[in-house]
Amino acid sequence: MSHSIIIADDDASVLSALKMLLELNQFDVTCVTTPDALVQQVASNAFSLAIVDLNYQSDTTSGAEGLEVIEKIKQIDDSMPIVVMTGYSSVDIAVSAMKVGANDFIEKPWNNERLLSIMRVQIEKAMIMATGEKLAEENALLKADNSQFHSPANYIAHSQIMKDLFAQMEKLAKSDMSILLTGENGTGKSALAKYIHQYSARSNTPFISVNMGAISDSLFESEMFGHVKGAFTDAKQQRIGRFELAETGTIFLDEIANI
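Each chain has its residues counted from 1, following the order in which its sequence is written. With the structure being a predicted model, the display of local features is reserved for residues of pLDDT at least 70 and the display and counting of side-chain atom pairs for 80 or more, all residues being used for whole-chain, interface and lining totals. Excluding hydrogens and water, the side-chain values take into account all heavy atoms of the structure.

1. Some points on the environment of Asp 77
Then step 1. Note on placement: Asp 77 falls in the loop between helix 3 (64-76) and strand 4 (82-86).
Then step 2. In this structure the C-alpha to C-alpha distance between Asp 77 and Ala 46, which are 31 residues apart in sequence, comes to 8.8 Å.
Then step 3. The definition of a polar contact used here is a pair of N or O atoms within 3.5 Å, where within protein one atom must be able to donate a hydrogen and the other to accept one, and adjacent residues in sequence count solely through side-chain atom pairs. A distance of 3.4 Å separates a polar atom in the side chain of Asp 77 from the backbone nitrogen of Met 80. Each helix is a run of H or I in the DSSP string that is no shorter than four residues. Each strand is a run of E no shorter than two, and both are numbered from the N terminus.

Structural data, given as structure tokens:
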């Protein structure tokens, strides 16, 4: 798997050396020379990790520019690991960088193997955290969606019409076909959808019910298919779509005619 890395440094020789090293190790590399360019790139693209110089042309010793830009990019993407670099390193600067959100610190001139090791560790940590957040979100959504789900449904039918209907539902439940349930409001379409799920081979997997009439045009794509953090202006965190949440299970598109 190729990871996308962004490097910010005002020294062309540093950028050239890092770009060559990282591309040889199968990373996709983007280079910028100013803090403003770094912020713009992070705001419009997803990166696995950033390597950020702490000192630029207007201030070559204090690290203040680097610390400021770290704070800015953390506001945009607080999950992206940041490794800071400087040729004027000190313990104080390293501590300050960590306080504002940097994940690790390396001095110039750097050791290639140490830099690569730091990068791989930080990327792996970020991926593990992202996986954990995704599982937590899935669990929360599943609990919400199944809060009124009682299994198994045990309906009692006396009329022949209803007996035939339940028998038909149980047969259909054994297939993987999509099923359209029609009828007036209040006739039990939601109950039948749950009944079908409970008698299917997916009965132990998620049953996700979505009220299609309650989803606005602007939220439809995000609600149904999800989005990654930063995909658009208000995407403050990753969201799992209902189709992904229902994977291996059943998705019930309630009131689909009102979409």
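The discussion continues.
2. Side note on the side chain of Arg 202
Then step 1. Among the structural elements, Arg 202 can be located in the loop between helix 7 (189-198) and strand 6 (207-211).
Then step 2. One polar contact links the side chain of Arg 202 to the main-chain carbonyl oxygen of Gly 249, over a distance of 3.3 Å.
Then step 3. Residues are treated as being in contact if the distance between any of their heavy atoms lies within 4.5 Å. Apart from the residues lying within four places of it in its own chain, the contact partners of Arg 202 are Ser 175, Asp 176, His 197, Thr 248, Gly 249 and Thr 250.

3. Considering the pattern of salt bridges
Then step 1. Think of a salt bridge as a Lys or Arg side-chain nitrogen and an Asp or Glu carboxyl oxygen that are within 4 Å of each other. Per the stated rule, a full pass over the model turns up six salt bridges.
Then step 2. In this structure, the salt-bridge partner of Asp 9 is Lys 108, at a minimum N-O distance of 2.6 Å. Remark: Lys 108 occurs in the loop between strand 5 (104-107) and helix 5 (112-145) and Asp 9 occurs in the loop between strand 1 (3-8) and helix 1 (12-24); sequence separation between them is 99 residues.
Then step 3. Under the scheme applied here, a residue whose accessible area is under 20% of the maximum for its type counts as buried, over 50% as exposed, and between as partly exposed, the area being computed with a 1.4 Å probe on protein chains only. Relative accessible area serves as the criterion here: at 2%, Asp 9 is assigned to the buried category.
Then step 4. Among the salt bridges present, the one from Asp 53 reaches Lys 108, with a minimum N-O distance of 3.3 Å. In this pair, Asp 53 is assigned in strand 3 (residues 49-53) and Lys 108 in the loop between strand 5 and helix 5, connecting sequence segments 55 residues apart.
Then step 5. Asp 53 sits in the buried class, given a relative accessible area of 4%.

4. Describing the side chain of Lys 189
Then step 1. On the secondary structure map, Lys 189 appears in helix 7.
Then step 2. We treat Lys and Arg as the positive residues and Asp and Glu as the negative residues; His and chain ends play no part in the count. No salt bridge is formed by the buried Lys 189; its nearest oppositely charged neighbour, Glu 255, is found at 5.0 Å.
Then step 3. Separated by 3.1 Å, the side chain of Lys 189 and the backbone oxygen of Gly 183 make a polar contact.
Then step 4. Not counting the four nearest positions on each side in its chain, Lys 189 is found in contact with Leu 181, Thr 182, Gly 183, Glu 184 and Phe 252.

5. Points about the packing of helix 2 (residues 35-44) against helix 3
Then step 1. Axis definition: a line fit to C-alpha positions, over the contact stretch in the case of helices; interaxial angles, taken between N-to-C directions, run 0 to 180 degrees. Relative to each other, helix 2 and helix 3 sit at 10°, their axes nearing to 9 Å. Judged by the inter-axis angle, helix 2 sits roughly parallel to helix 3. Across the interface between the two elements, Pro 35, Leu 38, Val 39, Val 42 and Ala 43 from helix 2 touch Val 69, Lys 72, Ile 73 and Ile 76 from helix 3.
Then step 2. Three categories are distinguished: nonpolar for Ala, Val, Leu, Ile, Met, Phe, Trp, Tyr, Cys and Pro, charged for Asp, Glu, Lys and Arg, and polar for the others, with Gly belonging to the last. Residue composition of the contact of helix 2 with helix 3, grouped by class: eight nonpolar, no polar and one charged. Note on angle classes: values under 35 degrees are labelled roughly parallel, values over 145 roughly antiparallel, values of 65 to 115 roughly perpendicular, and the remainder oblique.

6. Quick word on the sheet that holds strand 2 (residues 27-32)
Sheet strands associate in pairs through backbone hydrogen bonding, adopting either a parallel or an antiparallel arrangement.
Then step 1. If DSSP finds at least two bridges between two strands, the strands pair. In space, the five strands of this open sheet follow the order 2-1-3-4-5, with parallel pairing throughout. Looking at strand neighbours, the two that pair on one side only are strand 2 and strand 5, the edges of this open sheet. In this sheet, neighbouring strand axes are inclined to one another by 20° on average, regardless of whether the strands run parallel or antiparallel.
Then step 2. Where strand 1 lies against strand 3, four bridges are found, and the strand directions are parallel. The partner of Ile 5 across the bridge, within strand 3, is Leu 49.
Then step 3. Lying over the sheet, helix 2 contacts strand 1, strand 2 and strand 3, oriented at roughly 135° with respect to strand 2.

7. Remarks on the confidence of the model for the chain
Then step 1. Per-residue confidence for the chain gives a mean pLDDT of 82; residues scoring 70 or more make up 81%.
Then step 2. When mean pLDDT is compared element by element in the chain, strand 2 scores highest at 95, while helix 4 (residues 91-99) scores lowest at 72.
Then step 3. Each residue carries a pLDDT value, the predictor's own confidence for that position, ranging from 0 to 100. Segment residues 147-152: pLDDT under 50, and seven contacts once partners within four positions in sequence are set aside and those in other chains are kept.

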